[in-house]
Amino acid sequence: QDQLLRHVQQGDGSSTGVYDVTLKGLAQLHTVETIRITDDLRDFPELRRLAALFMFEYSNNFLIDLLRWVDTNYSNMLVNMAVTNKDEKATCWKLQLVMFRTVWEVLWEQRLTAKHAYSLKPFRGLVTSFHASLKTHVVMGEFRKHMFSEHPSIFPKLMTFVFESHTPR
């Protein structure tokens with residue numbers, strides 16, 4: 001969280017870029033989620049610490065890495081494919097959005113086991129949510145290990161795009 005706040009504070013406050021706006025949103029979310037975690041897990045101090053660690057450190061860092069990857073990947077595509085016109089840029093950006101969405105869909109699949117955790121008895125709901133969170137963080141690690149673009153859920157989409165849009169027929 002301290003690192004996140006430093007990122008936000010370094011800007012001039014006027015940036016409207018996705019990265020800067022996301023950092024500001026995460027900083028604001030921190031306050032709300034801290035209150036919720038403190039209240040929901042008041043009787044479980046170690047679980048409260050882990051929830052804060054997963055949410056505020058691991059998840060935020062993953063999101064920041066994902067946004068950096070999307071930005072770098074898009075920039076590299078424009079350069080490597082010698083993209084110059086607006087339509088080609090839009091096509092490259094649409095691919096970034098497809099890959100970004102794919103990451104979130106894969107992560108969401110891991111979270112589905114906790115979809116109804118709120119309706120369970122409190123302790124069972126916490127365990128269910130925690131288990132889903134752990135599964136999600138394992139998948140986040142896999143995306144990072146594969147540097148996003150080489151992850152099995154992303155790589156085929158990237159190769160299909162390159163083949164379909166930049167291979168002479």
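Preceding this paragraph is the structure being described.
Engineer: Explain the layout of surface pockets here, please?
Structural biologist: In this approach a probe as big as a water molecule rolls over the atoms, and the regions it shows empty are the leftover space. The computed volume of the largest pocket comes to approximately 960 Å³. Surrounding the largest pocket, 33 residues form its lining, E33, R36, M55, R111 and S133 being those nearest its centre. Mapped by element, the contributors of at least two residues to the lining of the largest pocket are α2 (18-40), α3 (45-80), α4 (86-111) and α5 (122-145). Among the elements that take part in the lining of the largest pocket, α5 stands out by supplying nine residues, more than any other. Of the residues in the lining of the largest pocket, the class split is 21 nonpolar, seven polar and five charged.

Engineer: Looking at this model, I keep getting lost on the nonpolar core. Mind explaining?
Structural biologist: Generally speaking, nonpolar side chains in soluble globular proteins are found buried as a group. Counting residues in each nonpolar core, the largest one holds 22 residues, and the members touching the most others are F62, L66, W69, C92, V103, F143 and F148. Elements that contribute at least two residues to this core include exactly α3, α4, α5 and α6 (155-166). By residue number, the principal contributor to this core is α3, which donates seven residues. Apart from residues lying up to four places away in sequence, F143 is in contact with F62, V103, V106, F148, H151, S153 and I154.

Engineer: Hey, could you run me through the environment of G141 in this one?
Structural biologist: Considering the arrangement of structural elements, one finds G141 in helix α5. Under the relative-accessibility criterion, G141 is labelled partly exposed at 36%. Residues G141 and F62 lie 79 residues apart in sequence; the distance between their C-alpha atoms is 8.5 Å.

About the thresholds
Residues numbered from 1 in each chain as written. Predicted model: local features only at pLDDT ≥ 70, side-chain atom pairs only at ≥ 80, totals over all residues. Heavy atoms only, no water. 1 Å grid on protein atoms, 1.4 Å probe; cavity = no way out; pocket = protein on both sides within 12 Å on 5 of 7 lines; lining within 4 Å. Points joined across faces, edges and corners; volume = space filled by probe spheres on them. Helix = DSSP H or I, 4+ residues; strand = E, 2+ residues; numbered from the N terminus. Nonpolar A, V, L, I, M, F, W, Y, C, P; charged D, E, K, R; others polar. Core = buried A, V, L, I, M, F, W, Y, C linked by side-chain atoms within 4.5 Å. Buried < 20%, exposed > 50% of the residue type's maximum accessible area, 1.4 Å probe, protein only. Contact = heavy atoms within 4.5 Å.

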